[in-house]
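# Examination of the molecular architecture
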Amino acid sequence: MHRKFTLGLALGILAASLSISSSVFAQTASDEIAKYREMIADGNPSELYEAAGEDLWKKPTGPKNATLEKCDLGLGPGVVKGAAAQLPRYFKDTNRVQDLESRLMTCMQNLQGRNPKEMIDAPFQVGPKKDMEAIVAYVVTLSKGEKINVSTNHPKEKEMYELGKRAFYFEGGPMDFSCASCHGENGKRIRLQDLPNLTTQKGAAMGWGSWPAYRVSSGQFWTMQQRLNDCYRQQRFPFPIYASDVTIALSMYMAKNANGGIVETPGLKR
């Protein structure tokens, strides 16, 4: 009896020690990652994408040989500062809710005469999408420090938010995953990566407010569309169509939940 008690106590102490060690290690690793991000923040590689994006914004291109300088991102033709902080939003000219990338595609089509299909069908990080990533970096940088302020006043905005909420909790694929599996509770992590709870204002502000971002692990700038694409990959879902309603709806859900938070894009991610 004494031996069993001693063995059980020893195993309990061992388990507790391992749990504490694991927690301490994870916290230490997270702290080190945070220090690394802080260290390179002044020289965030996203700045290179931003500079390239500004050039592309002002460069005449497409069949109409026009620039994007008259693109209306919701605050009027050509107004970029603060626009990303209020997206997604309803646009009367398209009669739909659009996120930043889908709205830029509309501007490219209307102003430059470019076919949206070339962007939709292109792979990430090359060709047209590489240009899009740079333009996104330029636009979001001009909202850095602004408060996130996304409306659901228009019926289509409210409808898109509700669609995003359903998509967030939808379970499927071979492992019955959903967005909520990783981002629906506090205190979750994958390996060394803390996962924000996107159902709360604090978590959504942290998650939505720091994307798009430069991913240190891949050495690439990722837009929100690419981030969502990768989430679907991790869930073993079919990839969503670029700038499709489901991706915009998920963005709307996150952005609205994040209202009041500060735009920190372009961020730095592991």
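The shown structure was predicted, so the numbers you read here are calculated from the model rather than taken from an experiment.

Criteria and thresholds
The residue count restarts for each chain, going from 1 along the sequence in the order it is written. Where totals are concerned, whole chains, interfaces and linings use all residues; where local detail is concerned, this predicted model gives features only for residues with pLDDT of at least 70, and gives and counts side-chain atom pairs only at 80 or more. Excluded from the side-chain calculations are hydrogens and water; all other atoms, namely the structure's heavy atoms, are used. Only DSSP runs of H or I reaching four residues or more are called helices, and only runs of E reaching two or more are called strands; each is numbered from the N terminus. Residue exposure (1.4 Å probe, protein chains only): buried if accessible area is under 20% of the type maximum, exposed if over 50%, otherwise partly exposed. The contact criterion used throughout is that any non-hydrogen atoms of two residues lie within 4.5 Å. Computed with a 1.4 Å probe, the accessible areas rest on the Shrake-Rupley method; for each residue, only the protein chains presented here act as cover. UniProt positions are given in the numbering used here, feature names are shortened, and annotations may be inferred rather than shown by experiment. To estimate how far a helix should extend, the number of its residues minus one is multiplied by 1.5 Å. In this description, one arc is meant: the one made by directions from the helix axis to the C-beta atoms. Here, a disulfide means two cysteine sulfur atoms that sit within 2.5 Å of each other. Nonpolar cores are built from buried Ala, Val, Leu, Ile, Met, Phe, Trp, Tyr and Cys residues. Side-chain atoms within 4.5 Å join them into one set.

## Topic: the overall build of the protein
- In terms of regular secondary structure, the protein is built from ten helices and seven strands.
- Out of the 270 residues belonging to the protein, those deemed buried represent 45%.
- Across the protein, the fraction of contacts at a sequence separation of at least 24, relative to all contacts at a separation of at least 6, is 68%.
- For the protein, the exposed surface amounts to about 14,200 Å²; the carbon and sulfur share of it is 57%.

## Quick notes on the UniProt feature "active site" (unreviewed entry) in the protein
- Those residues carrying the UniProt feature "active site" (unreviewed entry) are C231 in this numbering.
- Its location among the elements puts C231 in helix 9 (residues 224-234).

## So, helix 2 (residues 46-58)
- In this model, helix 2 (13 residues) spans 19 Å end to end at C-alpha, consistent with the 18 Å of a helix rising 1.5 Å per residue.
- S46, Y49, G53 and W57 are the residues of helix 2 that are buried. Summarising the axial view, the buried residues of helix 2 lie within an arc of 75°, below the 170-degree limit, and thus occupy one face. For helix 2, the exposed residues lying more than 90 degrees away from the buried face are L48 and D55.
- In this structure, the buried residues of helix 2 make contact with helix 3 (100-112), helix 5 (127-141), strand 5 (213-215), strand 6 (220-222) and strand 7 (267-269).

## Comments concerning the environment of K70
- Tracing the backbone shows K70 in the loop between helix 2 and strand 1 (89-91).
- A residue is classified by how much of its surface remains accessible, and K70, at 65% relative accessible area, is exposed.
- When the C-alpha atoms of K70 and W57 are compared, they prove to be 9.6 Å apart, with 13 residues separating the residues in sequence.
- Other than its neighbours up to four places away in sequence, K70 contacts P77, G78 and L111.

## Remarks on the state of the cysteines
- Within the structure shown, the criterion is met by one disulfide.
- Between the sulfur atoms of C71 and its disulfide mate C107 the distance is 2.1 Å. In this structure, the disulfide formed by C71 and C107 twists by about 75° around the S-S bond and is classed as right-handed. With C71 in the loop between helix 2 and strand 1 and C107 in helix 3, the pair connects residues that are 36 residues apart, well separated along the chain.
- For C71, a relative accessible area of 0% gives the class buried.
- Not engaged in a disulfide, the cysteine C179 finds its nearest cysteine sulfur in C231; these two sulfurs lie 6.3 Å apart.
- We classify C179 as buried; its relative accessible area is 14%.
- Take C182: it sits in no disulfide, and the sulfur closest to it among the cysteines is that of C231, at 7.7 Å.

## Here we look at the nonpolar core
- Ranked by size, the top nonpolar core spans 31 residues in total, and within it F168, W208 and L250 carry the most contacts.
- Of the residues forming this core, the biggest block, seven residues, is contributed by helix 10 (residues 245-257).
- Once you skip the residues sitting within four places of it in the chain, F168 turns out to touch S178, C179, A180, H183, G184, L198, T199, L250 and Y253.
- Membership of the second largest hydrophobic core comes to 28 residues, among which are L73, V80, V136 and Y138.

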